[in-house]
Every structure is written in structure tokens, then in C-alpha cells.
Amino acid sequence: MFKKSAEAKLLQRLSGADKKKLRRTVKEKFPRASDADVDVILPPKAEITVAKFPNRAHLYGIEGGFPMIFDVDGRGTEIYPTVYALWMVPDLLPAFMLKGGEVSRYVIGGADLMFPGISIPLEGLPSFLAGQPWAVKVPGNPAPIAVGATTMSSTEALKAGLRGKALRIMHYYRDSLWQSVEGHYVPNAGFLEDVVFEDPALASINEASKPCEDTGNASNDPNDVDAKRGEEELVLDYDAHMKHQIEPSMADDIRNEISEDVATDLAELKVADGVSSEKMNDEKDQHILSIAEVDALLDKCLLQALHTTVNDKDLPMPGSTLWSGHILPCRPSGVMLDIKKSSYKKLSKWLQAKSSAGLILAKEDKHKKEVILLAVNHGHADYKSFVPEKRRPETVEQPTDSTTGEGHQSKSQLEIAEIYKSSTHVNPIFNAIGADTGRFYSAAEATDAAFKYIEKENLVKPTNKAMVILDAIFCDALYKGTVKKGTTYPTEIHKKDVGSTFLNRMQVHHRVTRGNESAVRKGAIKNIQILTERRQGNKKVTKVSGVESFLIDAEALASELQKKFACSTSVADLPGKKGSYEVLVQGGVIDDLARHLVEHYGIPKRYIEVLDKTRR
């Protein structure tokens, strides 16, 4: 953001009320900050100035001192501390630790932080959400070197195999903001002109405190040699990766390719503790699989995932998520699993083949051009005969923050599931297999009922196992009332189409559960709508409706938003919609409101529709 120098178009002092508002915003945006920390970066008795730039950014600082806070768009939605503020309060933000000082060359050179450059602690990747402000530190140096926003959540990062961009850098040591300050300084001797290393003062203290025998043991430990060698290789990979950013036209493509390679290497190094990189290379050479073996391994990993990690409440699920978050973690240690080396060549073809076999229900989304997993057939012969291996489960911690206790508890408790109820069309099928026509079924259970009827009546075509012969009852269940006059009814159907056709003939409902409260409603769940529009002159008002679908009390939400945004709120009934309400919030807080619903109530982003009529 501050790669190029720019002059402020306006510089003014903040009023007392604005200073209090800024302090409240800082306290809210940076939950780690205590009142004493806020006093350090924004002294109560000091004059605070704001510099407004042509790109709408606002820079807050102490008059005659250093800049402390910058606001990306001047709305207060994206605010970050400067490195000067972080040097005064180093733990103001959570921080990613680099693998080594050499990696800092790229960060302070203006590049974003990639996952391969981050040192993952032994306890695992810390929890975070997308869009959160994080700092960057160098091992052995407590002073942060940069600040930015996370590009994805920790859960998404783990599912992606720690690939790609971790932090979109907003401000860093030696950028135009740092250089524009008269009397700019560095916090310790580890900050050099083009790189940052550990603080020599701390290093000398640590060396003096280490027993002599520990130093001797460390230098002779072969495991330490292997670990250092592996770390050096990863830094070299990251070095090669970041050098490609010199070519702007090729930057994005090369960034994706190399970051994926480095992330893959990192993942392979984590397969077993105490295994050197040379040893891993030997193991990979020993696991060169034939096409038939890859096909068998794919099926095994799929069944393992379906038994252990894929839950019906997570469906429908994109094929890419199924692959990266469920199938790959189920592969044996030291074995590379590549769909391109199978007979299917593509993930979509493989999933469609499994759908044709009746193991799963998958359908291609023509808009997203991706195969979606809709249901799992728990009654399939392959599923029932498979015995899953007992493995240590890979738990992904949900983001927790003591400062937002109730919000995150609500988030973890929210569950949304699409369920189905039998209709007059399919009642004969459920009656034939002895199933209850009055209960609700998941997509997998409903599909399983259809296949139980097929098995009971022996409707699989003898000459083509992928086809199902339609008897009179099954044909009416699937097609009665949908075939135009003069058109003959179909006599058979492909197995992969049975599930989706059967579900279309059932009554769709959805179940929303939050804590001990649960509600089942007919039809698909309706999205929350957030709308900002202008009223009387330049005044804005933000409306949010549909929150009752997610078991959110409109009155409680209005009271909460009134305190959060320091503005007036009200609740009104939606005309013609009994039990539906609209919360009105004074001001254009559309982005903050959407983020609040996601972070504190756990509403998935796909269920939130945002429309800002004030933007032209």
C-alpha cells in the first residue's frame, strides 16, 4: 500500500470525540491490546493528527511524533498499526514467524508473504480467519517487520495444503511510510538496510545462558544437521520462488506454480518426525505405482474418507474440497497420490465414475465447472465391506478468541442441513422398503432408499450394470406428471442420475440448529440480505433482513449493532411476511455488518447477499 510515496491532501487535528472514537476502534480491532497498550500508541493527552491521502487512506499519528495507525479506505473497516506502533507494543497483533532472516528480504522488498516462508510451530498452525490483521517477525527478533491481512482462514489454509499467499502485506519496514517520517529509526541492530536478522543483543544473552554441554551436543546431533539442511532447502526454494516476481507479467503464474511445489515439499517433510529430506526422497522413489495401483489407492482413500471425515452435514461438497481436505490426508505415509497418473486422468471423471457405480451421488455444476459431491450411499456393497484404518485424527482448531466469547460459541454451534421428506410421488417406494414416510431424510439416506428399492426389485439391467430398469412403480415415482402428452415414458435410467432425480421428487426442507435451539422449515433456506441506500441528502442507512432464518433474534441483533457501531438502530416487520423482520442501522456499515454476522454468528458467506446502492 505504501510502496510509492504520496503526499497527503489534508492534515488536521482530531477533536476529543474523534480521539475517543479512534481509541475505541483500535481496542475493538486489536483484541490483544490492553488499555495501557492503547495509551502507549495513542496517548490520551497528546494531540492526534490525521493525514488524508488521495487514495482515501487515513494515517493517524502523534503530533510531532510517529504515525501509529492507518485506515485503508477511511471507513474504519480495515485499520492496521504501523511498524512504529508495533515496535512500541510488539504483541499488539498475532504474528507469523519467518523461516529465517533471509526470507525477510522479500517481505521488505514489497512481496506478499507466502505460506512456504512461514515457520509452522510444533503445535501446528495457529487459528485465524480470513481478513484478520497479522504481523510478521524474524526468528530471534521481537520487533515485527511488516503488517498485513490474512488471505484465507487457517482451516482453508490446511485444506489447501499450506499453499499460496498467507498474508497480503499492507505496510513494511523501509516502505514509503517508514521513510517519510522525519527521524525514522530501527528498533535494534538486527534491522539492516535490505534484510532483518535476529537481535544481536538477544542472541548474545541467549548464548551466554546456554550450558556448554548443550552446545556441544547440538553440533554433533545428526538429526539437527538434517533439520538444518531441510530448512536451508526450503529457504532456497522460497528464494527461487520470490525471485520470479521480478517479471511482473509472469508473477502470478510463477507464484502459484512454485508456491505449490514448495508447499508439497513442506507437506512431505512432515510425514514423519525425525526423517531427513534425503530419506524422504528415497521413500518416494520406492513408491512408484502402476496405473492399476493408483486406481486402487484412489478408491481406498475415498472409502477411508467417506467413513472417517466426510459428514452428511457437510454436503453438498465441491470436488476440490473433497480431494484436498479429505482424500489426500487419507493416503499412506510417504506415498504420492496423483490423479493424473490414474486411468481417469481427471478428478471429475473419477468422481463421476464412482457416482455411476452408485457409491456416491455426484453432479457437475455447469456454472462453477466442477463436480459436486451431493450424497454418500452408505448401503453400497463397497462401503459396507470396507473396514477403515484407525489413524490419529487430524483436528483443525476453530478460531477462538476470549474477547469475543459468545460470538465464537454461537459460530461453533450453528448447523445448517438440507433435509427431505417423502411426497405422494415417492411414498410407494418408501412403503415398499418399509421406510417411514413421515420422517425427514438426509440426501444420502433418501438416495439409499431409492437404491434399496432397486436392489429389492432386482432392477439393475443384466447386460449393463450401470443402468436401472424402471418398473411401473419406480417410473411413476420419478417421472409421473413430468412427461408431456404424446411422449413415451423412459424405460431405464443411469445409476448416476437416480439420486438427483429421486431427490427432486421429494419435499425439500432445511434444518437450522444453534445450540439447543433447532428449527425445520419447508423449502431451501433463504439468504440474509444486507442493503445500504441513501436517504435525505448524504445520509445512509443499512438494512438487514432474513436473520430469523438462522435463529438470530432481530431485537437482540439491533441492540448489539447499536453498541458496536455507536449508532441508532430499529426493528420493523416486513410487510406481507409474518414473522420476518428488518433491522435498520444508521450509516453505511454494510461490510462491517456482513463481517459481524460471519465472525460472531457463524453465518456462511454464501448465505449473505450484499447490495450497496450508494456506490456508483
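You'll find the chain entered in an unreviewed UniProt entry as SUI1 domain-containing protein, with Acorus calamus given as the organism.

A. Representation of the sheet that holds strand 11 (residues 317–318) within the structure. Spatial ordering of the open sheet is given by 11-13-12, a layout of three strands whose pairing is antiparallel. The open sheet has two edge strands, strand 11 and strand 12 (360–365), and neither has a second partner.

B. Region of interest: the pairing of strand 14 (residues 414–421). Pairing of strand 14 with strand 18 (residues 507–514), which is carried by eight bridges, proceeds in the antiparallel orientation. Across the sheet, the residue bridging to Lys421 is Gln507, located in strand 18.

C. Representation of the pattern of salt bridges. Counted according to the given criterion, the structure contains 18 salt bridges. Among the ionic pairs, Lys452 bridges to Asp448, the shortest N-O distance being 3.8 Å. Here Asp448 and Lys452 lie together in helix 18 (residues 443–457), a separation of four residues that amounts to about one turn. Residue Lys452 is classed as partly exposed on the basis of its relative accessible area, which comes to 45%.

D. Focus on the nonpolar core. By size, the foremost hydrophobic cluster in this structure holds 33 residues, and its most contacted members are Val26, Phe30, Ile41, Ile69 and Phe70. Among the secondary structure elements, those contributing two or more residues to this core are helix 1 (16–29), helix 2 (35–41), strand 2 (48–52), strand 3 (58–62), strand 4 (67–71), strand 5 (79–81), helix 3 (83–88) and strand 9 (141–150). Leaving out residues up to four positions away in the same chain, Phe30 has contacts with Ile69, Ile79, Tyr80, Pro81, Leu92, Leu93 and Pro133. Formed by 32 residues, the second largest nonpolar core is a distinct cluster that contains Ile108, Leu113, Trp134 and Ala146.

E. Quick peek at the environment of Ala362. On the secondary structure map, Ala362 appears in strand 12. By relative accessible area, Ala362 is classed as buried at 10%. Once residues lying within four places of it in the same chain are set aside, the contact partners of Ala362 are Leu351, Ser355, Val371, Ile372 and Leu374.

F. A look at unusual backbone geometry. The backbone phi angle of Leu551 is positive, close to 60 degrees, even though this residue is not glycine. Look at Leu551 and you get buried, because its relative accessible area is 14%. Phi at Ala566 is positive, roughly 55 degrees, even though this residue is not glycine. Within the secondary structure, Ala566 sits in the loop between helix 21 (554–565) and strand 22 (569–573). Residue class for Ala566 comes out exposed when judged on its relative accessible area of 60%.

G. View of the packing of aromatic side chains. Enumeration according to the criterion identifies 19 aromatic pairs in this entry. Pairing Tyr84 with Trp87 gives two aromatic rings, centres 5.5 Å apart and planes at 75 degrees, and the pair type is edge-to-face. Placement of the pair is Tyr84 and Trp87 together in helix 3, with a separation of three residues, close to one helical turn. Exposure class is identical for Tyr84 and Trp87. Each is buried. Centroid distance Phe430 to Phe502: 5.9 Å. Interplanar angle 40 degrees. Geometry classified as tilted. Taken together, the positions of Phe430 in helix 17 (residues 427–432) and Phe502 in helix 20 (residues 495–504) put the pair 72 residues apart, joining distant regions of the chain. The exposure class assigned to Phe430 is buried, which follows from its relative accessible area of 0%.

H. Region of the structure containing helix 19 (residues 472–479). Turning to helix 19, its buried residues are Phe474, Cys475, Ala477, Leu478 and Tyr479. One side of helix 19 holds all its buried residues, which, seen down the axis, span an arc of 165 degrees. Those residues of helix 19 hidden inside the fold are in contact with helix 17, helix 18, strand 16 (467–469), strand 17 (492–494) and helix 20. Gly481 sits one or two positions beyond helix 19 and adopts a positive phi of about 90 degrees.

What counts and how
- All chains use their own residue numbering, which begins from 1 and follows the written sequence.
- The predicted origin of the model limits local features to residues at a pLDDT of at least 70 and limits the giving and counting of side-chain atom pairs to 80 or more, whereas totals for whole chains, interfaces and linings rest on all residues.
- Computation of side-chain values covers all heavy atoms of the structure but excludes hydrogens and water.
- When DSSP finds two or more bridges between a pair of strands, those strands are recorded as paired.
- Runs of H or I in DSSP of at least four residues are treated as helices and runs of E of at least two as strands, each being numbered from the N terminus.
- Throughout this description, the term salt bridge denotes a Lys or Arg side-chain nitrogen within 4 Å of a carboxyl oxygen of Asp or Glu.
- Per-residue accessibility, obtained with a 1.4 Å probe over protein chains only, is compared with the maximum for each type, and a residue is labelled buried under 20%, exposed over 50%, and partly exposed between these values.
- Throughout this description, the term nonpolar core refers to a set of buried Ala, Val, Leu, Ile, Met, Phe, Trp, Tyr and Cys residues connected via side-chain atoms within 4.5 Å.
- Note on contacts: a residue pair is in contact if any heavy atoms of the two residues lie within 4.5 Å.
- Whether two aromatic rings pair depends on their centres lying within 6.5 Å, for rings of Phe, Tyr and Trp, where Trp uses its six-membered ring; planes under 30 degrees apart make the pair stacked, over 60 edge-to-face, and the rest tilted.
- Think of it as the arc spanned by the lines of direction from the helix axis to the C-beta atoms.

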